[in-house]
Amino acid sequence: MKTTRLTVTERPVETIDSDLLIYCVAEEKNKPPLCDHFIKDPVEKAFDLKDFSGKAEEQLMFYPSSVSAEENIKARRILVMGMGKIEKEKDFSKTVDLLREIGGNMAKACKKTKAKTITVCLPAIQTLGPEKTAECFAEGMLLGDYRFLKYKEISKKKGDYAGLKMIRFSCTNSVNSTRKGVKKGVVAARAACEARDMANEPGNGWTSREFADYAKILAQTHGLTYTCLEKKDMKKLGMGGILAVNQGSAIPPRMVILEYKPEKKSDTILLVGKGITFDSGGISIKPSSGMEEMKYDMCGGAAVLATMQAVGEEKPSVGVVAVIPATDNMSGSSAVRPGDIIRHFNGVTSEIVNTDAEGRMILADALAYGIKTFTPDCVVDIATLTGAVVVGLGHHYSGLISNNDKLTDRLICAGKDAGEPLWRLPLTKEYKKQIESKVADIKNVGGRWGGTITAAAYLSNFIDKTPWAHLDIAGTAWDFTEKSYIPKGPSGIGVRTFLNLIRDWKKGGLA
Ligand code: BES
Ligand code: ZN
Ligand code: ZN
């Protein structure tokens, strides 16, 4: 991944050499936006001509020599961006998202002018304070500046614009809080961008091995504990779900585990992510049109692994364990057949009616194993699990199903603040009945209706009494609501929601 340098400086902004100097101004009632003396003149002129009033998405570009020669501003261009009205009563998460969007718009403006080095004058946003303001801008800018160029050889040779190299935040006071905020935004955005990178890799570029290798490096870099269960371990442990899904593949499965333990005794959050590196459907093969998108079926696993990168960097006060069951779902000659019966890690047997409902099969073993091994205080799994969730919620909300109201509230808040909204669906016994099998304990599909919930009903057999939440991100892992900081393609969803949950966790969190 490309890394952009970010710094916070107290140097007078006119002395900083950069491709673009950015100011953000808020819209006022019937008067020009309040702004720095360097830009006051042109902003007021533009206001009088009704060209610019500071509305969100409005932009005004000009060139220093045309502003005032004696000021001698070193930057080559000046961009004034409107922020709209910043109202006191506005929902916290809405203001936060607005600033992230402005950050994303800055990245877009940089692309237009091919700016590589920029200086941003941070505005004072009373409702958020300098730390949160800086965090949102940094996060939005890095998320919005994301691009995946690894395989673009021709474009690299041509020297096409490859994004921002250097971002300087200029501020005259609250330097320490600003630095803290920038750091938080950078950690979150970089982790989400790592998840996007993993997802952008094709099925032949990101396999169970790459999941394991990445986790191993994270462990070495940040002092996390790394474990990888190989096929032989899975056989010994009786992980019939992941083994069955892997039967039709030439690439061995892996259960990748990373543990972060804080110094002081604390709660433990277990995160489990679906790591299907390509989902062909297996013998119940998918239609060929659009099948290439099934390389994204590992986005849950990517979110969990990338979260561990942020955890490793920030070392929060709560323990976090990540488990990623990883394999592709192929239809080789020894593939699992519809009608086969398997036995999961916890002894529950399952009739495999549809080999395309493979996500729940690998998650079942991972959940039961993770809970038995780590006795966590709560577990959250995340998966591109069902097409049904896209039918129900479209591309704007991820589905949430849980056995615990407090954990649900926590996650909904965390998601809202991250701009990754969640919508809870019910899970009652009627849905569990839909997956009863005549020949085994359960079956892996529950009929045509309520597919997202019957998938969760399947998982509910593997969590014991642990507070649990399941996030179905099939509609949001890619093609998520388009925003300036959410590009087309994989969104990195889940990472920043998890990070909010972790950062805000208090000991005895669910008590
Ligand atoms: N990976 C898919 C779910 C999916 C579909 C994700 C579309 C993103 C977009 C999953 O493994 C799957 O195939 N689920 C089936 C389940 C069915 C067979 C019960 C589905 O949703 O059709
Ligand atoms: Zn499938
Ligand atoms: Zn799948």
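Residues numbered from 1 in each chain as written. Chains lettered and ligands numbered in written order. Predicted model: local features only at pLDDT ≥ 70, side-chain atom pairs only at ≥ 80, totals over all residues. Heavy atoms only, no water.

### Concerning unusual backbone geometry
Working step 1: One non-glycine residue, Asn30, lies in the positive phi region at around 55°.
Working step 2: The topology assignment puts Asn30 in the loop between strand 2 (20-25) and helix 1 (37-48). (Helix = DSSP H or I, 4+ residues; strand = E, 2+ residues; numbered from the N terminus.)

### Here we look at the coordination of the zinc ion (ligand 2)
Working step 1: Protein coordination of the zinc ion (ligand 2) is provided by Asp279 (OD), Asp356 (O), Asp356 (OD) and Glu358 (OE), with donor distances spanning 2.0 to 2.2 Å.
Working step 2: Because the angles between the 6 donor atoms bound to the zinc ion (ligand 2) fall within 71 to 166°, the donor set is best described as irregular.
Working step 3: Mapped onto the sequence, the residues coordinating the zinc ion (ligand 2) show the spacing D-x76-D-x1-E.
Working step 4: Between the zinc ion (ligand 2) and the zinc ion (ligand 3), both coordinated by Asp279, there is a metal-metal distance of 3.2 Å. One end of the pair, Asp279, is in strand 10 (residues 275-279); the other, Glu358, is in the loop between strand 13 (349-351) and helix 11 (359-374), and 79 residues separate them in sequence.
Working step 5: On the basis of relative accessible area, Glu358 is assigned to the buried category, the value being 1%. (Donors = N, O, S within 2.8 Å, 3.2 Å for Na, K, Ca; no water. Tetrahedral: all angles 85-135°; square planar, octahedral: opposite > 155°, others 65-115°. Buried < 20%, exposed > 50% of the residue type's maximum accessible area, 1.4 Å probe, protein only.)

### Comments concerning the sheet that holds strand 13
Working step 1: Spatially, 12-13-17 is the arrangement adopted by the 3 strands of the open sheet, whose pairing is mixed. Each edge of the sheet is formed by a strand with only one pairing partner; in this case those strands are strand 12 (341-343) and strand 17 (442-443).
Working step 2: Note: strand 13 against strand 17, 2 bridges, orientation parallel. By the bridge assignment, Glu351 is partnered in strand 17 with Lys443. (Pairing = 2+ DSSP bridges.)

### Some remarks on the environment of Leu218
Working step 1: Here Leu218 shows up in helix 7 (residues 208-222).
Working step 2: It is 6.4 Å that separates the C-alpha atoms of Leu218 and Gln309, two residues lying 91 residues apart in sequence.
Working step 3: When neighbours within four sequence positions are excluded, Leu218 is seen to be in contact with Gly223, Leu224, Leu258, Leu305, Met308 and Gln309. (Contact = heavy atoms within 4.5 Å.)

### Quick word on helix 11
Working step 1: Taking 1.5 Å of rise per residue, 16 residues should cover 22 Å, and helix 11 covers 22 Å from first to last C-alpha, within 8% of that figure.
Working step 2: Taking burial as the measure, the 16 residues of helix 11 include 14 buried ones, the bulk of the element.
Working step 3: Thr375 sits one or two positions beyond helix 11 and adopts a positive phi of about 30°. (Expected span 1.5 Å × (residues − 1).)

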